[in-house]
Amino acid sequence: MNRRSFLATVSAAALIPTLGQSATIAYTPGAVNRALDAGTPVVLDYFAPWCGTCQAQRRVISRLFDENPAYKEKITYIEVDWDTYKRDDITTSFKVPRRSTLIAIGPDRKEIARIVAGTAYEDIKALFDAALATATA
């Protein structure tokens, strides 16, 4: 097993207990439009399993999901694998500069908030709160 595969496997395995609790959707083409068409705000998480900053963001997101069930219930949280989709339309259309980028999009399809490589609890909470504020009942 090469080093990169090993690191990706170990990182992914470490996330299973924390992300298993969240309403997480792995990105597939059309996933964002389906959520937005249903009137649900979306948080896109551009991650790589080997990225330390991404792991720190995910720990905060897991904590937020535990603290406020409305985040899971009213926001569609979609993981976009950077290694797979960094050159795809889902990344280029939002001008995502790098992995560890979080983007909140309202049901009106407008960007609400963005965090690039930030791991502060308060900042990530503010992004989720902004998305939640656009959710319909």
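For the structure given in this document, a descriptive report is provided here.

What counts, and where the lines are drawn
Residues numbered from 1 in each chain as written. Predicted model: local features only at pLDDT ≥ 70, side-chain atom pairs only at ≥ 80, totals over all residues. Heavy atoms only, no water. Helix = DSSP H or I, 4+ residues; strand = E, 2+ residues; numbered from the N terminus. Buried < 20%, exposed > 50% of the residue type's maximum accessible area, 1.4 Å probe, protein only. Contact = heavy atoms within 4.5 Å. Pairing = 2+ DSSP bridges. Axes fitted to C-alpha atoms, helices over the stretch in contact; angles between N-to-C directions. Phe/Tyr/Trp six-rings, centres within 6.5 Å; stacked < 30°, edge-to-face > 60°. Core = buried A, V, L, I, M, F, W, Y, C linked by side-chain atoms within 4.5 Å.

## Description of the overall build of the protein chain
- From N to C terminus, the protein chain includes seven helices and five strands.
- For the protein chain, the α and β elements follow one another from N to C terminus as α-β-α-β-α-α-β-α-α-β-β-α.
- Split into buried and exposed, the 137 residues of the protein chain put 45% on the buried side.
- Long-range pairs, those at least 24 residues apart, make up 69% of the contacts in the protein chain with a sequence separation of at least 6.

## Overview of the sheet that holds strand S3 (residues 76–81)
- Strand order in the open sheet made by the five strands is S1-S3-S2-S4-S5, with mixed pairing throughout. One side of each edge strand has no neighbouring strand; the edge strands of this open sheet are strand S1 (24–26) and strand S5 (111–116). Taken over all neighbouring pairs, the strand axes of this sheet differ in orientation by 20° on average, direction set aside.
- In the sheet, strand S2 (residues 42–47) pairs with S3 via six bridges, with the strands oriented parallel. Bridge pairing in S3 places Val42 opposite Thr76.

## Comments concerning the pairing of strand S4 (residues 101–105)
- Within S4, five of the five residues are buried, which leaves it mostly tucked inside the rest of the structure.
- The side-chain alternation of S4 yields two buried faces, one formed by Thr101, Ile103 and Ile105 and the other by Leu102 and Ala104.
- With five bridges joining them, S2 and S4 adopt antiparallel strand pairing. Residue Val42 lies in a different strand from S4, and its bridge partner there is Ile105.
- Taken together, the five bridges between S4 and S5 define a ladder with antiparallel strand orientation.

## Notes on the side chain of Asp45
- Within the secondary structure layout, Asp45 lies in strand S2.
- For Asp45, the contacting residues outside a window of four places in its chain are Gln57, Arg58, Ile61, Tyr77, Ile78, Glu79, Val80, Thr101 and Leu102.

## With respect to unusual backbone geometry
- Look at Ser100: it is not a glycine, yet its phi comes out positive at around 60°.
- Using a relative accessible area of 0% as the deciding quantity, one classes Ser100 as buried.

## Overview of the packing of aromatic side chains
- One pass over the structure, following the stated rule, counts five aromatic pairs.
- Ring centres 5.5 Å apart and planes at 80° place the aromatic pair Phe65 and Tyr77 in the edge-to-face group. With a gap of twelve residues between them, Phe65 in helix H3 (residues 52–67) and Tyr77 in strand S3 connect regions that are remote in the sequence. The exposure classification of Phe65 matches that of Tyr77, with both residues buried.

## Notes on the nonpolar core
- Counting residues in each nonpolar core, the largest one holds 20 residues, and the members touching the most others are Tyr27, Val32, Leu44, Tyr46, Ile78, Val80 and Ile90.
- Among the elements of the structure, helix H2 (31–37), S2, S3, helix H5 (82–85) and S4 are those that each provide at least two residues to this core.
- Aside from chain neighbours lying at most four places away, what touches Tyr27 is Val32, Ile78, Glu79, Val80, Tyr85, Asp88 and Ile90.
- Core analysis: the second largest hydrophobic core is formed by 19 residues, Phe65, Leu102, Ala104 and Ala131 among them.

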